[in-house]
Amino acid sequence: MKDEQFDNLLRATLSRRAGATHQNEAAVERVLNRVSGPLPRQRRPRWRLPAVLLDWQFAPAWPRMAALACCAVIGFFVGIAGFDRSFEAPDPAPVSLGGGGIGSITFEPEALTGARP
Amino acid sequence: MDESDEALMARVARGDQKAFHLLARRHLPAIVGLARRILGNAAEAEDVAQEALMRVWTYAPRWRPLALFRTWLTRVVLNLCLDRKRRARWVELETAGEIVDPAPGAGEKAEAAERERMVASAIDNLPPRQRSAIMLTYGEGMTNAEVAEILDTSVSAVETLLVRGKHNLRRALGSMIDKDN
């Protein structure tokens, strides 16, 4: 028997096993009647997180994105200027630390091998 | 407009019996059919369907919509059926041989019935997970992804279960399948 024939045999067997539609309808009605009486007590969780913690949504939304952008801008300016300086007063010109002129930043060849970095 | 299963479950969680009955009526045909396919016994299938609905009612306040309600309910029914089959193995009256009808064409009918009885019996003897995969795929017409979600496994694992299940069935039904060739 080929695979397809075997699959069809399985389908036919299982569908016949499920019973005819009218049998199922009768069964459904019987079960519905059985569960229409008084129902047992529901089991509620003893401890649950406050709803606000369960309602967190991580999907992007415009107000949240705007808030995030504002925080980023504030963080950028505070990082550049610091809390102790105002934005209007520019920093003094950078001071040369080497003091040796252009020659001090020239990399010398290594004395022994002559290799340049 | 019909409420979604998840919305009805939210109402059931608050103790709404009307929502529970709506949900029961919506899903009962499917769960009775599934239980009958697995158990092969109408009375047992009704008991399982009732038990599954009672679990829906009882555990509704604890239910979280992490998966589709239908998937969760199918898993509950499947586990209840497998538990029953594990607890008691009996010879089902419905699968017993039938008296041969002398009417024309009765021979072919009886032969087909006998063949289906053998296939059903071979399915019953499969390991539980292989049986579940076969039932859900060929009986319920579910996709491998849906079966994987219900069995809490991966799609490739479901494919393996199906291949092994069918291999075992072919081995069990060897002579019958050879006869048809």
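Along each chain, residues carry numbers from 1 onward, in the same order as the chain's sequence is written. Just so you know, chain letters begin at A and ligand numbers begin at 1, following the order they were written in. Residue-level local features of this predicted model are given only where pLDDT is at least 70; pairs of side-chain atoms are given and counted only at 80 or more, and the full residue set underlies all totals for whole chains, interfaces and linings.

Draft legend 1. View of the overall build of chain B. The helix and strand inventory of chain B stands at nine helices and zero strands. Going from N to C terminus, chain B has its helices and strands arranged as α-α-α-α-α-α-α-α-α. Looking at chain B as a whole, 33% of its 181 residues are labelled buried. Here a strand is any run of E in DSSP of at least two residues, a helix any run of H or I of at least four, and the numbering for each starts at the N terminus. Here a residue counts as buried when 20 or more other C-beta atoms fall within 10 Å of its C-beta, as exposed when 12 or fewer do, and as partly exposed in between; the C-beta atoms come from the backbone.

Draft legend 2. Here's a closer look at the overall build of chain A. Looking only at helices and strands, one finds four helices and zero strands in chain A. Scanning chain A from its N terminus toward the C terminus, one meets helices and strands in the order α-α-α-α. In chain A, buried positions account for 9% of the 117 residues.

Draft legend 3. Representation of unusual backbone geometry within the structure. One non-glycine residue, B:Asp152, adopts positive backbone phi at about 55 degrees. Mapped onto the elements of the fold, B:Asp152 is located in the loop between α7 (144-150) and α8 (155-172).

Draft legend 4. Spatial organisation of the environment of B:Pro65. The topology assignment puts B:Pro65 in the loop between α3 (42-59) and α4 (69-87). Along the backbone, B:Pro65 and B:Asp5 are 60 residues apart, and their C-alpha atoms lie at a distance of 9.9 Å.

Draft legend 5. Expanded view of the nonpolar core. Grouped together as the largest cluster of nonpolar side chains are 50 residues, with contacts concentrated most on B:Ile31, B:Val32, B:Ala35, B:Val48, B:Ala49, B:Ala52 and B:Val77. At ten residues, the largest contribution of residues to this core is made by helix α2 (residues 17-39) of chain B. Not counting residues within four places of it along the chain, the set of residues in contact with B:Val32 comprises A:Asn24, A:Ala27, A:Val28, A:Val31, B:Ala45, B:Glu46 and B:Ala49. By convention the nonpolar core is taken to be a set of buried residues drawn from Ala, Val, Leu, Ile, Met, Phe, Trp, Tyr and Cys and joined through C-beta atoms within 7 Å. C-beta atoms are first placed from the backbone for all residues, and any pair lying within 7 Å is then listed as a contact.

Draft legend 6. Expanded view of the interface of chain A and chain B. On the chain B side, the residues contacting the 28 residues of chain A number 37 residues. Residue assignment for the side of chain A that touches chain B shows that the elements contributing at least two residues are α1 (3-17) and α2 (21-35) of chain A.

Draft legend 7. Representation of the packing of α3(B) against α4(B) in the model. All names here are of chain B. Two elements in contact, α3 and α4, have axes whose closest approach is 10 Å; the angle formed by their N-to-C orientations is 130 degrees. Considering their axes alone, α3 and α4 lie oblique with respect to each other. The element α3 and its partner α4 pack so that their crossing is right-handed. Across the interface between the two elements, Glu44, Val48, Glu51, Ala52, Arg55 and Val56 of α3 pack against Leu73, Val76, Val77, Leu80, Cys81 and Arg84 of α4. Under the convention adopted here, Pro, Cys and the residues Ala, Val, Leu, Ile, Met, Phe, Trp and Tyr are nonpolar, Asp, Glu, Lys and Arg are charged, and Gly plus all remaining residues are polar. Here the contact of α3 with α4 is composed, by residue class, of eight nonpolar, no polar and four charged. The convention used is that axes are lines fitted to C-alpha atoms, helices contributing only their stretch in contact, and that angles between N-to-C directions extend from 0 to 180 degrees. Should an angle lie under 35 degrees it is considered roughly parallel, over 145 roughly antiparallel, and from 65 to 115 roughly perpendicular; all remaining angles are considered oblique. Here is the rule for handedness: rotate from the far helix to the near one, and if that takes an anticlockwise turn smaller than a right angle the crossing is left-handed, while a clockwise turn gives right-handed.

Draft legend 8. Main features of the environment of B:Arg62. Topologically, B:Arg62 is positioned in the loop between α3 and α4. Owing to 12 C-beta atoms within 10 Å, B:Arg62 belongs among the exposed residues under this scheme. Put simply, B:Arg62 and B:Ala13 are 49 residues apart on the chain and 7.8 Å apart in space, counted from C-alpha to C-alpha. Each residue touching B:Arg62, except ones within four places of it in the same chain, is listed here: A:Arg43 and A:Pro45.

Draft legend 9. Broad picture of helix α1 (residues 5-13) of chain B. All names here are of chain B. Considered for burial, the residues of α1 that qualify are Leu8, Met9 and Val12. Along α1, the residues classed as buried sweep out an arc of 105 degrees about the axis, all on the same side. Those residues of α1 hidden inside the fold are in contact with α2, α3 and α4. Immediately beyond the C-terminal end of α1, within one or two residues, lies Gly15, with a positive phi of roughly 90 degrees. Directions from the helix axis toward the C-beta atoms define the arc.

Draft legend 10. Highlighting the confidence of the model for chain B. When pLDDT is averaged along chain B, the result is 84; 86% of the residues meet or exceed 70. The complex prediction reports pTM at 0.64, with the ipTM value standing at 0.71. As a per-residue quantity, pLDDT reports the predictor's confidence and falls between 0 and 100.

Draft legend 11. Fine view of the confidence of the model for chain A. Across chain A, the average pLDDT comes to 74, with 60% of residues at 70 or higher. Across chain A, the element-wise mean pLDDT spans from 58 in helix α3 (residues 51-54) of chain A up to 87 in helix α4 (residues 62-81) of chain A.

Draft legend 12. Quick peek at the environment of B:Arg171. Assignment of secondary structure puts B:Arg171 in helix α8. A sequence separation of 49 residues divides B:Arg171 from B:Ala122, and the C-alpha atoms of the two residues are 9.5 Å apart.

Draft legend 13. Quick look at the packing of α1(A) against helix α6 (residues 128-139) of chain B. Packing of α1(A) against α6(B) leaves a shortest axis separation of 9 Å and a crossing angle of 90 degrees. Classed by the angle they form, the pair α1(A) and α6(B) counts as roughly perpendicular. Where α1(A) approaches α6(B), its residues A:Asp7, A:Leu10, A:Arg11 and A:Leu14 are matched on the opposing element by B:Ile134, B:Met135, B:Tyr138 and B:Gly139.

Draft legend 14. Quick look at α4(A). For a helix, the expected span equals 1.5 Å multiplied by the residue count minus one. The end-to-end C-alpha distance of α4(A) is 28 Å, a good match for the 28 Å that 20 residues give at a rise of 1.5 Å each. Counting buried positions along α4(A) gives zero out of 20 residues, so the element sits mostly on the surface.

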